[in-house]
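Listed here are the chains, written in short residue letters.
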Number of protein chains: 2
Amino acid sequence: MRLIRPAPLTAASFASFGDVLDATGDFREINAGWCHRHHNRATLDFGPEGRAGLSIFKARPRALPYEFDLIERHPDGSQAFIPMSEQPFLVIVAENPAAKPVAFLTNGQQGINFHRWTWHGVLTPLAEPGLFAVVDRIGATPNLEEFRFTEPWTVIAP
Amino acid sequence: MRLIRPAPLTAASFASFGDVLDATGDFREINAGWCHRHHNRATLDFGPEGRAGLSIFKARPRALPYEFDLIERHPDGSQAFIPMSEQPFLVIVAENPAAKPVAFLTNGQQGINFHRWTWHGVLTPLAEPGLFAVVDRIGATPNLEEFRFTEPWTVIAP
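Residues numbered from 1 in each chain as written. Chains lettered and ligands numbered in written order. Predicted model: local features only at pLDDT ≥ 70, side-chain atom pairs only at ≥ 80, totals over all residues. Heavy atoms only, no water.

Strands sit in the order β3(A)-β11(A)-β8(A)-β14(A)-β6(A)-β5(B)-β4(B) across an open sheet of seven strands; the sheet is antiparallel. Looking at which strands have only one partner, the edges of the open sheet turn out to be β3 (18-21) of chain A together with β4 (28-30) of chain B. Strand-to-strand twist across the sheet, computed as the mean angle between neighbouring axes with direction ignored, equals 25°. Bridge count for β4 of chain B against strand β5 (residues 35-38) of chain B is three bridges, and the pairing is antiparallel. Each residue of the ladder has a partner; that of Arg28 of chain B, found in β5 of chain B, is Arg37 of chain B. (Pairing = 2+ DSSP bridges. Helix = DSSP H or I, 4+ residues; strand = E, 2+ residues; numbered from the N terminus. Axes fitted to C-alpha atoms, helices over the stretch in contact; angles between N-to-C directions.)

It is worth spelling out the relation of the copies chain B and chain A at this point. For these two chain copies, the linking operation is a rotation about an axis paired with a shift along it. Each copy superposes on the other: chain B lies on chain A with an RMSD of 0.0 Å after a rotation of 180° and an axial shift of 0.0 Å. One copy is carried onto the other by what is essentially a two-fold rotation axis. Same-surface contact between copies: 100% of interface residues of chain B are shared with the interface of chain A. (Least-squares fit on C-alpha atoms with pLDDT ≥ 70 in both. Contact = heavy atoms within 4.5 Å.)

What follows concerns the pairing of strand β15 (residues 145-155) of chain B. All names here are of chain B. For strand β1 (residues 2-4) and β15, the ladder comprises three bridges, and the chain directions are parallel. Across the sheet, Leu3 pairs through a bridge with Thr154, a residue of β15. Bridge count between strand β7 (residues 66-73) and β15: seven bridges; the pairing is antiparallel. Across the sheet, Ile71 pairs through a bridge with Phe147, a residue of β15.

In terms of nonpolar packing, the biggest core is built from 26 residues, with Leu54, Ile82 and Val135 of chain A together with Leu54, Ile82 and Val135 of chain B touching the most fellow members. Counting residues per element, the ones that place at least two in this core are β6 (51-59), β8 (79-83) and β14 (131-138) of chain A together with β6 (51-59), β8 (79-83) and β14 (131-138) of chain B. Look past the residues within four positions of Val135 of chain B in its chain and what remains in contact with it is Leu54 and Val135 of chain A together with Leu44, Phe46, Gly53, Leu54, Ser78, Gln79, Ala80 and Ile82 of chain B. (Core = buried A, V, L, I, M, F, W, Y, C linked by side-chain atoms within 4.5 Å. Buried < 20%, exposed > 50% of the residue type's maximum accessible area, 1.4 Å probe, protein only.)

What follows concerns the confidence of the model for chain A. Confidence in the prediction for chain A averages 97 pLDDT; 100% of positions are at 70 or higher. Both confidence scores are given for the complex: pTM 0.98, ipTM 0.97. (pLDDT = per-residue confidence, 0-100.)

Attention now goes to the interface of chain B and chain A. Quite often, the size of an interface is put as the accessible area lost when its parts meet. Counting residues at the interface gives 46 residues for chain B and 47 residues for chain A. Summed over both sides, the interface between chain B and chain A buries roughly 3,900 Å², with carbon and sulfur atoms accounting for 61% of that surface. Summed over the shared surface of chain B and chain A, the number is two salt bridges. Counting residues per element, the ones that place at least two in the side of chain B that touches chain A are β5, β6, β8 and β14 of chain B. Among the residues making up the side of chain B that touches chain A, the classes are represented as 24 nonpolar, 13 polar and nine charged. Bridging between strand β5 (residues 35-38) of chain A and β6 of chain B involves four bridges; their strand directions are antiparallel. If you follow His38 of chain A over to β6 of chain B, its bridge partner there is Ile56 of chain B. (Buried area = accessible area lost by both parts, 1.4 Å probe. Salt bridge = Lys/Arg side-chain N within 4 Å of Asp/Glu carboxyl O. Nonpolar A, V, L, I, M, F, W, Y, C, P; charged D, E, K, R; others polar.)

As structure tokens, this is what we get:
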């Protein structure tokens, strides 16, 4: 059995895969001080022929241990996942299909943005409601590559 | 005292102001049936010189009754608010500064997208964490008009 233990999601450990979207770091005070704006936190990239779209994903929760054999990437655009609940979710990424995948667990106050070309697992909430807003590419191309491992990986409890 | 009673947020009642972002209506099955994609739910419009940005807002919660005397609009772009919690929040809009503002209360599973030019109140969560992802315009212009009422409005409990 090929096991992966998830680590807490941090901006530093996730940097080569994408952006962590949270209320840490620099901000601007707006609305007479009632609100902090953490400005422009994601590297959005939808290619020369694409544009940004906002979709809602409703996914059925998974449980740990979680077995998977598929990763995918989007050659034409970045993809951001914003949880519409405070439930932590699982984030699976890989430097490339030959490398061991890496798993992260969010802290309930974090979204993520996969950079264009980043290999990643499918959306894996671990609890209801599994509701996410997704900012990704609207365009004419399929914008999807998939890779299936010959032997599955299993994400175990942290 | 000028009072406003909030109504439940629905796509029909909000249509002239913007889009309701939720997991209702048509969807595509993705991820081998584990996920429903409610595709491209927002009219994003960032003008000829603008592009999409993704920011994180952290706002201090308000309480009802809530008094306000300011509305604003963004002449150069739409603005989407995606709650990162299941806490309902207050949405204030106005057809124009001379009209009585309208208030809506979300159901905890809804984001919203203000269309370009829509007059609206500032972000008003009613409970912690007051954490939102915001998709709005990145560009060189100020992209802000404000209007201050001579007499304030008060949003009361629904």
